[in-house]
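Okay, here's what each chain looks like letter by letter:
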Amino acid sequence: MNTVTRPRILVVGAGFAGVECVRRLERKLAPDEADVTLVTPFSYQLYLPLLPQVASGVLTPQSIALSLRRSSKYRTRILPGGAIGVDLKAKVCVVRTITDKIVNEPYDYIVLAPGSVTRTFDIPGLVEHAFGMKTLAEAAYIRDHVISQLDLADASDDPAERAARLQFVVVGGGYAGTETAACLQRLTHAAVRRYPRLDPGLIKWHLIDIAPKLMPELGDKLGRSAQEVLKRRGIDVSLGVSIDKAGAEEVTFTDGRVVPTHTLIWTAGVAASPLIATLGAETVRGRLAVTAEMCLPGNDGVFALGDAAAVPDEAKGQQGAVCPPTAQHAMRQGSKVADNVIATLRGRPMEPYVHKDLGLVVDLGGKDAVSKPLGVELRGLPAQAVARGYHWSALRTGVAKTRVMTNWLLNAVAGDDFVRTGFQARKPARLKDFEYTDSYLTPEQVRARVEGRELEDS
């Protein structure tokens, strides 16, 4: 007797793109129309733009980790692990579960939204000594680390050690780096009042970027406004400069300066998830080349979106323009991909993704912000209201909105307690320890596993 099975839809990644896709599939698919599986190591969606506020203690980690199991129409199976390879011919995704077990997950339709990882370069000592700002664990760990530097400096009688522990270097003049430097500088500025043995003048934050302008996407005027805010707070902004080498107790800049420091935070851009390299498909600057409908050419039932895909930006009307890796694009791409998967299931035509950018917001902490909603340039409190209003409205659940608003109000009224929560262990953890970029397979290893063979070092 023939057994008819429902089509299997596999969504890889629980970021903005993946979660929006799953939510729309749950709402629009009939109960018996398809089976949906989501591959993610964590059962939450991380609201990434607010990570700097977690690092600075304005928000608690739980407030921006949105549970995937709160959906009123929840019927998606969550596979707890990370996709480490995809065999497009066999239609199998290789998954490493959170217990390190490797399983083969077959699919009929796959939505690739694995997101991105921190982009690094071949700089001596970088991955061994730098922190990233891409995961919830990193943000919580950095907060503990920064406060521990104040504790250790306060306890030290060595002037050189004190000076080194009270200097902090952030690399990357984009949104992540600028907000991280701004928010953490406010943390140390407020905390040092509780350390009467420390000279506040010894605390020094450096923000460097190889680009000639800070946040060029904002335009010259707003970029300069943000830079003026940072300089007013005492943050040393150096443009046209990067890192030459990094050590445990000092960092050497490309302009020859040597800064004694125990804190190097690297936010100099992102790269598509290493999963993309396992496909053997065409890429555009490391991102998967897809059509305007977010399909992978020559592969039926394969869709890709978000940070890992070079989705054509049809709204710009420019040849070769692709959507930037931002949350507003990822969320809308997720909904459109879900519609296109359903259209394919039902034999209907797919639609291209078109979205005009709504603008940019940069929260510098306190009353400082710069925003450009719909092309209107704002600074100060109006910009802060727009920035926080946008983030608050973009949070997916009422619980998350309540937690974030409560945290903002409590921090504004009561300030911070500067408590280390225990992430700062005796054995330090750095960028290489958080993102597991060495977990992925080569295309040959993927094929061997799918075929039941084993290769060395797989």
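Definitions and limits used
- Residues numbered from 1 in each chain as written.
- Predicted model: local features only at pLDDT ≥ 70, side-chain atom pairs only at ≥ 80, totals over all residues.
- Heavy atoms only, no water.
- UniProt positions renumbered as here; feature names shortened; annotations may be inferred.
- Helix = DSSP H or I, 4+ residues; strand = E, 2+ residues; numbered from the N terminus.
- Rg over C-alpha atoms; globule rule 2.2 N^0.38 Å.
- Buried < 20%, exposed > 50% of the residue type's maximum accessible area, 1.4 Å probe, protein only.
- Contact = heavy atoms within 4.5 Å.
- Areas by Shrake-Rupley, 256 points an atom, 1.4 Å probe, with all protein chains shown as cover.
- Lys, Arg positive; Asp, Glu negative; His and termini not counted.
- Charge placed at Lys NZ, Arg CZ, Asp CG, Glu CD.
- Pairing = 2+ DSSP bridges.
- Core = buried A, V, L, I, M, F, W, Y, C linked by side-chain atoms within 4.5 Å.
- Axes fitted to C-alpha atoms, helices over the stretch in contact; angles between N-to-C directions.
- Parallel < 35°, antiparallel > 145°, perpendicular 65-115°, else oblique.
- Left-handed = near helix turned anticlockwise from the far one by under 90°.
- Nonpolar A, V, L, I, M, F, W, Y, C, P; charged D, E, K, R; others polar.
- Phe/Tyr/Trp six-rings, centres within 6.5 Å; stacked < 30°, edge-to-face > 60°.
- Lys NZ or Arg CZ within 6 Å of the ring centre and 35° of its normal.
- Expected span 1.5 Å × (residues − 1).
- Arc of directions from axis to C-beta.

The name that an unreviewed UniProt entry assigns to the chain is NAD(P)/FAD-dependent oxidoreductase, with the source organism given as Streptomyces pyxinicus. Its UniProt record gives the chain the following Sequence similarities (unreviewed entry) comment, quoted word for word: "Belongs to the NADH dehydrogenase family."

*Asks:* Got a minute to help me understand the overall build of the chain in this structure?
*Replies:* Within the chain, the regular secondary structure consists of 12 helices and 24 strands. For a compact globule of 458 residues, the expected C-alpha radius of gyration is about 23 Å, and the chain comes in at 23 Å, within 12% of that figure. In terms of overall dimensions, the chain has a C-alpha envelope of 80 × 55 × 40 Å along the principal axes. With 458 residues in all, the chain has 52% of them scored as buried. At a minimum sequence separation of 6, the contacts of the chain that also span at least 24 residues come to 68%. Of the roughly 21,000 Å² of accessible surface on the chain, a fraction of 52% belongs to carbon and sulfur atoms. Positive and negative side-chain charges in the chain, numbering 56 and 51 respectively, have mean positions lying 6 Å apart.

*Asks:* Help me understand the pairing of strand S5 (residues 77–87) in this model?
*Replies:* For a regular strand, the rule is simple: side chains alternate between the two faces of the sheet. With eight of 11 residues buried, S5 is to be regarded as a mostly interior element. Inspection of the sheet shows strand S2 (residues 35–40) paired to S5 by four bridges, in the parallel sense. Across the sheet, Thr37 pairs through a bridge with Arg77, a residue of S5. Here S5 pairs with strand S6 (residues 92–97) via six bridges, running antiparallel. Residue pairing across strands places Asp87 opposite Val92, the latter belonging to S6. Where S5 folds back onto S6 in an antiparallel hairpin, the turn is made up of four residues, including Lys91, whose phi is positive at roughly 55 degrees.

*Asks:* How should I be thinking about the sheet that holds strand S18 (residues 283–284) in this particular structure?
*Replies:* Backbone-to-backbone hydrogen bonds join strands into a sheet, with any given pair of strands oriented parallel or antiparallel. Spatially, S18-S19-S21 is the arrangement adopted by the three strands of the open sheet, whose pairing is mixed. The sheet is open, and its two edges are formed by S18 and strand S21 (309–310), each paired on a single side. In terms of strand pairing, strand S19 (residues 287–289) meets S21 through two bridges, oriented parallel. For Leu288, the partnering residue across the bridge sits in S21 and is Ala309.

*Asks:* What's the story with the nonpolar core in this structure? I'm lost.
*Replies:* Among soluble globular proteins, nonpolar side chains are generally buried collectively. Judged by nonpolar contacts, the single largest core of 113 residues is most densely connected at Ile9, Leu25, Ile64, Val86, Ile110 and Leu112. With eight residues, the top contributor of residues to this core is helix H4 (residues 136–155). Here Ile9 is in contact with Leu25, Leu29, Ala34, Asp35, Val36, Thr37, Tyr109, Val341 and Leu345, once residues within four sequence places are set aside. Membership of the second largest hydrophobic core comes to 16 residues, among which are Ala130, Val171, Ile243 and Val259.

*Asks:* Mind showing me how you'd approach the packing of helix H9 (residues 380–394) against helix H10 (residues 398–414) here?
*Replies:* Each packed pair of helices is defined by two parameters, the angle between the axes and the distance between the axes. Following both chains from N to C, one finds H9 and H10 inclined at 150 degrees, their axes separated by 9 Å at the closest point. The angle between H9 and H10 falls in the class roughly antiparallel. For the element pair H9 and H10, the recorded crossing hand is right-handed. Here H9 contributes Arg388, Trp392 and Ser393 to the contact with H10, which in turn contributes Lys401, Met405 and Trp408. When its residues are assigned to classes, the contact of H9 with H10 shows three nonpolar, one polar and two charged.

*Asks:* Looking at this structure, how should I read the packing of aromatic side chains?
*Replies:* What characterises a pair of aromatic rings is the spacing of the ring centres plus the angle enclosed by the ring planes. A full pass over the atoms with the stated rule returns five aromatic pairs. Seen in terms of ring centroids, Phe121 and Trp266 are 6.1 Å apart; in terms of plane orientation they differ by 75 degrees. Their pairing is edge-to-face. Of this pair, Phe121 sits in the loop between strand S9 (116–118) and helix H3 (126–129) while Trp266 sits in strand S16 (residues 263–266), and the two are 145 residues apart along the sequence. On the basis of relative accessibility, which here comes to 1%, the residue Trp266 falls in the buried class. Stacked on the ring of Trp392, the Lys or Arg Lys401 has its end atom at 5.1 Å from the ring centre.

*Asks:* Before we go on, may I ask you to explain the environment of Val22 in this structure?
*Replies:* Among the secondary structure elements, Val22 is positioned in helix H1 (residues 16–28). In the structure, Val22 is positioned 69 residues away from Lys91 in sequence and 19 Å away in space, judged by C-alpha atoms. Sequence-distant contacts of Val22, defined by excluding residues within four places in its chain, comprise Val11, Leu38 and Thr76.

*Asks:* Explain unusual backbone geometry here, please?
*Replies:* Only a minority of non-glycine residues have a phi that is not negative, and only a minority of peptide bonds are not trans. One non-glycine residue, Arg285, lies in the positive phi region at around 50 degrees. Of note, Arg285 is situated in the loop between S18 and S19. For Met294, which is not glycine, the phi torsion reads 70 degrees and is therefore positive. Mapped onto the fold, Met294 is located in the loop between S19 and strand S20 (302–304). Among the residues examined, Met294 registers a relative accessible area of 0% and is labelled buried.

*Asks:* Got a minute to help me understand H10 in this structure?
*Replies:* Note: α-helices contain 3.6 residues per turn, so residues at a spacing of three or four share the same orientation. Given a rise of 1.5 Å per residue, 17 residues ought to cover 24 Å, and the 24 Å separating the end C-alpha atoms of H10 matches this to within 8%. For H10, the set of buried residues is Ala400, Val404, Asn407 and Trp408. All buried residues of H10 fall inside an arc of 95 degrees around its axis, so they share one side. Turned more than 90 degrees away from the buried face of H10, the exposed residues are Leu409, Leu410, Val413 and Ala414. After H10 finishes, the residue Gly415 shows a positive phi value of roughly 75 degrees.

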